[in-house]
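One letter stands for each residue in the lines below.
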Amino acid sequence: MTVGIHRDNVAIVLQRPRYPENIGAAARAMRNMGFSQLIVVSPGIWDEERIRRLATHAAGPVVDTIRRCDDLQTALSPFHYVIGTTARLGGQRPVIKSPEVLAQNLIPLSLTNTIAIVFGPEDRGLTAEDLKYCHQTVNIPTVNFSSLNLAQAVMVICYCLSTAGRPDLPPPTPRLANRAELDRLDAELTETLVRIGYVNPENPDYWMSRIRRFFARIGLRAGDAGILRGICRQIRTYGERQYAEGRQAEKSSTGRESAF
């Protein structure tokens, strides 16, 4: 028995798409490959008639259930694993250069976790700010010219996901912390590390991006994220108490000196 991607646990997310026709064409590509969850974040133009014209009648059910969000963080908050698509190679973030490899890796994850595949706007793709919400990035290899139409990119990724299969049943990946839980941890950890002087408050994201990649590699569960948040709170409480006791001791010492 061949085991493949659990399609019901995979959503396609379009971040700031500029044209309704590309939304419709992406919905059609998803329908071709058996995917139905489409999320549209802050579209440049929302025109359902133009969307449906390119989606065609067959992809109507995908358009009917589109979830619209105002920002990417809100859109991704329920998902346990997030993949960002990028045409850029290099830099600090590791990129999977084969959608087929990505698809194989996602099979065990998709059995027990919800997955979002994020595509950026047509003119410039996902920004560094967008990518900080992603556990991993994937690149679609091209020859000489890296720019793909949005719907073409959606089709390539969905095709690779739909045709991926393994001859054995892989052990399912335990339920991971979702994006909202990771964002709360990120905020707690950033505040704590800034306060103890480990992270530069002028540019905290430089170091936090490395920590996010570390968490993505080990795959934090919801309970793990909760434990780390508790540790952060305890560190801050201890630091505040020590600071208050030091100030009190300083005042007492000053008072004794002034009495002589």
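Everything discussed here concerns the structure shown above.
Now for a look at the structure at hand.

What counts and how
- Residues numbered from 1 in each chain as written.
- Predicted model: local features only at pLDDT ≥ 70, side-chain atom pairs only at ≥ 80, totals over all residues.
- Heavy atoms only, no water.
- Helix = DSSP H or I, 4+ residues; strand = E, 2+ residues; numbered from the N terminus.
- Rg over C-alpha atoms; globule rule 2.2 N^0.38 Å.
- Buried < 20%, exposed > 50% of the residue type's maximum accessible area, 1.4 Å probe, protein only.
- Areas by Shrake-Rupley, 256 points an atom, 1.4 Å probe, with all protein chains shown as cover.
- 1 Å grid on protein atoms, 1.4 Å probe; cavity = no way out; pocket = protein on both sides within 12 Å on 5 of 7 lines; lining within 4 Å.
- Points joined across faces, edges and corners; volume = space filled by probe spheres on them.
- Pairing = 2+ DSSP bridges.
- Core = buried A, V, L, I, M, F, W, Y, C linked by side-chain atoms within 4.5 Å.
- Contact = heavy atoms within 4.5 Å.
- Salt bridge = Lys/Arg side-chain N within 4 Å of Asp/Glu carboxyl O.
- Axes fitted to C-alpha atoms, helices over the stretch in contact; angles between N-to-C directions.

1. What to know about the overall build of the protein chain
Along the backbone of the protein chain there are ten helices and nine strands. Here the protein chain has a C-alpha radius of gyration of 23 Å; the compact-globule value for 260 residues is 18 Å, and the former is much larger. Taking the principal axes of the C-alpha coordinates as reference, the protein chain spans close to 90 × 45 × 40 Å. Each of the 260 residues in the protein chain was classed as buried or not, and the buried ones make up 44%. Counting every atom, the protein chain has about 13800 Å² of accessible surface; 53% of that belongs to carbon and sulfur.

2. Some details on the layout of surface pockets
Once rolled over the atoms, a probe with the size of a water molecule shows which space is left empty. As a volume, the largest pocket reaches approximately 430 Å³. Along the walls of the largest pocket sit 21 residues, with Thr86, Ala87, Gly125, Ser146 and Leu148 positioned nearest its centre.

3. So, empty space enclosed by the protein
The final tally for this structure, using the stated rule, is one cavity of 30 Å³ or more. Approximately 210 Å³ is the volume found for the largest cavity. Every residue lining the largest cavity is counted, 21 residues in all, and those nearest its centre are Arg179, Leu182, Arg212, Phe215 and Ala216.

4. Describing the pairing of strand β5 (residues 81-85)
Judged by how many residues are buried, β5 sits mostly within the fold: five of five residues are covered. Burial along β5 is two-sided: the residues Tyr81, Ile83 and Thr85 and Val82 and Gly84 are all buried. The pairing of β5 with strand β7 (residues 115-119) spans four bridges and is parallel. Within β7, the residue paired with Tyr81 across the bridge is Ile115. Here three bridges tie β5 to strand β8 (residues 136-138), and the two strands are oriented parallel to one another. In the strand pairing of β8, Gly84 is matched with Thr137.

5. A look at the nonpolar core
If you look at the biggest cluster of nonpolar residues, it comprises 41 residues, and the most contacted ones within it are Leu38, Leu106, Ile117 and Val154. Look past the residues within four positions of Val154 in its chain and what remains in contact with it is Ile12, Leu14, Ala26, Ala29, Met30 and Phe119. In this structure, Ala11, Val13, Leu72 and Tyr133 belong to the second largest nonpolar core, which totals 16 residues.

6. So, the environment of His57
Along the chain, His57 turns up in the loop between α2 (48-55) and α3 (60-64). Accessibility expressed as a relative area gives 78% for His57, which makes it exposed. Residues His57 and Arg28 lie 29 residues apart in sequence; the distance between their C-alpha atoms is 9.1 Å.

7. Description of the pattern of salt bridges
Within the structure shown, the criterion is met by 18 salt bridges. Its salt-bridge partner being Glu188, residue Arg233 comes within 3.2 Å of it at the nearest N-O pair. Separated by 45 residues along the polypeptide, Arg233 in helix α10 (residues 222-259) and Glu188 in helix α8 (residues 179-195) bring together distant segments of the chain. In this structure Arg233 comes out as partly exposed when scored by relative accessible area, which is 37%.

8. As for the sheet that holds strand β6 (residues 95-96)
Here we have seven strands laid out as an open sheet, ordered β4-β3-β2-β7-β5-β8-β6, and parallel in their pairing. Of all the strands in the sheet, the pair left with one neighbour each is β4 (67-69) and β6. The strands that helix α7 (residues 150-163) touches are β2 (10-15), β5, β7 and β8; relative to β7, the one it contacts most, it runs at about 150 degrees.

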